[in-house]
Amino acid sequence: MSLLILVWNYLKARPLNTAINIILLSLGISVITILLLVNGQLTKKITENVRGIDLVVGAKGSPLQLILCNIFHIDFPTGNIRLSEAEKISRNRLVKKAIPLALGDSYRTYRIIGTTKDYADLYKAELSQGDWWKNNLEVTIGANVHEIANLQLGDEFVSSHGLTLEGHAHNEHRYVVKSVLKKSNTVLDNIILTNVESIWEMHEEGNESIADHATVLPSDSSYIPSRLVPSVAANDSVKEITSLLIQYRSPLGAVQLPRFVNSQSSLQAASPAFETARLFSMLGVGAEILMGFAYVLIAISALSIFIALYNSLKERRYDMAIMRSMGAPRSKLLITILLEGGILTFLGSIIGLMVGHGVLIILSATMVEMNKAGISGMVFFWQEWIILGGSLLLGLLCAILPAVQAYRTDISEVLAGN
Amino acid sequence: MTTLEAVMIAVSKLTYSYAGEASMNFPDFSVQKGEHFLLLGESGSGKTTLLHLMGGLLRNRTGSIVVDNTDLKGLSEVALDQFRGQRIGFIFQKNHLINALSVEKNLMMAPYLAGLPVNTSRIGEVLSNLGLSAKLKSNVSELSQGQAQRVAIARAVLNKPLILFADEPTSALDDKNCDRVIHLLMDAASDSQSTLIVATHDQRLKSKIKNQIQLA
């Protein structure tokens, strides 16, 4: 026999009451848990993806779109920019590194990116199979592309225009998988990497003469190879890319470079740090409303637990008096009520945490989007201990008043029946 | 004459008053170990008050109550709780079993709250003496009135208390059940060698227990 057994039996004796209290609290806790897990993982992921990229330069349009498209690869390009103009930016003394990106095609919604090895190095990517792409139409694929789209080493595939399955298929050329990246929990997991020339080749399919022109290297002495795409001339006036990812040489770059880029009529510069902060503050409103809703649920459950404990005092005044007559000191009655509040909120928060994780486990198992976003239900944050501890504290708080009431019970009066 | 060691309860110069009410004066008396006593008086004469005072449920400010050679006035609150749990058993007019617990767990509460080891063979023994062996695992709500009263008696004698206090155990019962319950009580008290004090206004008990204290 123990007080725990006694309290457990009291809770079991009123199953509906106990269930509603636990369900109310666990609902609130599960919403908070889901927000915590999604928010925590998204923030971590976004900062990881932005790491090392100080500025994105692309065609004029929405700066947020520029970031979403060129860093997270979840939006459409704002347009193209001339390679020669990008070249000019990359020669600026404040630029430490400039990485060209050429977008436009996808395979089964996984974007194909024409770029250089520098882009993969940005995320410290490593290969799990094969060797890096070298020649035109050779690709290195992300871990999710390998697993979910089921592309294997040596497979050939045809890309389609845009980011959807319905885009025009480039049937004339076939990519071949040369290597697979290790899972890195960055955007690299969901993309296909190739060189810039491959993207050009895809889109020049209707115009053979230009393609021929591109492959014939001029031999005169005025020829200067492009820094960004060495196979073409630096002053090439035809070639276009989508954007340029830039690393500053010094903090001064943050002050001068965006202004310099934006002053060029056709170009726009966007800071990933600034735009993602803006994005968070926009999404934050929705998260705060949900969070507020969760707190309301928790407050209601706290009130409900308080009322249940307070009402049970009346029902149990004889139980408590008889316990005192059998030798229980006042403190035991106090502890019994506190224990009851504590057990209710402990169960509520444990179930809430499990439901929160469970919902995300189910969502990530059934929704490809969740999986692509890299949100998992099997991740644990230290803040969950705060949720658990806070709930216990809440239970004790709800129980304090009824417990003190129990402590003060006049046993003689109750047992005498007046 | 009585020796000091054999005196179980000695009450002297005891008065008690509830807030705003006239003071009650109780006669001096003493009860020997193992004796059965009847505490008689009309409703409102202070029977329950005296019982609660002797059982440590109420505290006296004047006079003295010595139980098992211990003056109750000298005990701290916690010490009094423990003293009560280990030496005294109570039976009330209503059974006051804990409905949320099974018969067995109700009985286990007695030694647990008194700070004594829970002895399951003692529980079996007491229940079989009262003809309740089959009800060990039952819910309290499944018991008949009579069965519930026997469980309450079992709970009161489980710790082999030195004194068993019963407050109006028979007043709501018909003659047949009155007879049955008082004999159960007396037998249970004898089995556990407890001193039995029954507070009642039930005239039917006068013939059962010879030692009587009359309250005015």
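Remember, predicted model here, so these are calculated numbers, not experimental data.

Peer 1: Talk me through the sheet that holds strand 6 (residues 64-67) of chain B; I want residue IDs and the actual numbers.
Peer 2: Residue and element names in this part refer to chain B. Spatially, 4-1-6-7 is the arrangement adopted by the four strands of the open sheet, whose pairing is antiparallel. Looking along the sheet, the strands with just one partner apiece sit at the ends: strand 4 (29-32) and strand 7 (70-71). Examined bridge by bridge, strand 1 (residues 7-12) and strand 6 share four bridges and lie antiparallel to one another. Considered in strand 6, the bridge of Val-11 is made with Ile-65. Set on the sheet, helix 1 (residues 47-54) makes contact with strand 1, strand 4 and strand 6; between it and strand 6 the angle comes to about 55°.

Peer 1: Please give an account of a positive patch on the surface that cites residues and values.
Peer 2: Residues and elements named next belong to chain A. A grouping of Lys-96, Lys-97, Arg-227 and Arg-249 is seen on the molecular surface, where their side chains present a positively charged patch. When you line up the elements, Lys-97 lands in strand 3 (residues 95-107). Classification of Lys-97 by relative accessible area gives partly exposed; the value is 30%.

Peer 1: Can you break down the sheet that holds strand 10 (residues 195-200) of chain B residue by residue, with the values?
Peer 2: Residues and elements named next belong to chain B. Judged by pairing direction, the sheet is parallel, and its five strands sit side by side in the order 8-9-10-5-11 without closing on themselves. Whereas interior strands pair on both sides, the edge strands pair on one side only; in this sheet they are strand 8 (88-91) and strand 11 (211-214). Along the sheet, successive strands turn relative to each other by an average axial angle of 20°, direction set aside. Packing against the sheet, helix 2 (residues 77-87) makes contact with strand 8 and strand 9 (163-167), and its axis sits at approximately 75° to strand 8. Set on the sheet, helix 5 (residues 145-157) makes contact with strand 8 and strand 9; between it and strand 8 the angle comes to about 165°.

Parameters at a glance
Residues numbered from 1 in each chain as written. Chains lettered and ligands numbered in written order. Predicted model: local features only at pLDDT ≥ 70, side-chain atom pairs only at ≥ 80, totals over all residues. Heavy atoms only, no water. Pairing = 2+ DSSP bridges. Helix = DSSP H or I, 4+ residues; strand = E, 2+ residues; numbered from the N terminus. Contact = heavy atoms within 4.5 Å. Axes fitted to C-alpha atoms, helices over the stretch in contact; angles between N-to-C directions. Patch = residues over 30% accessible without salt bridge, like charges linked within 9 Å, V, L, I, M, F, W, Y side chains within 5 Å. Areas by Shrake-Rupley, 256 points an atom, 1.4 Å probe, with all protein chains shown as cover. Salt bridge = Lys/Arg side-chain N within 4 Å of Asp/Glu carboxyl O. Lys, Arg positive; Asp, Glu negative; His and termini not counted. Charge placed at Lys NZ, Arg CZ, Asp CG, Glu CD. Buried < 20%, exposed > 50% of the residue type's maximum accessible area, 1.4 Å probe, protein only.

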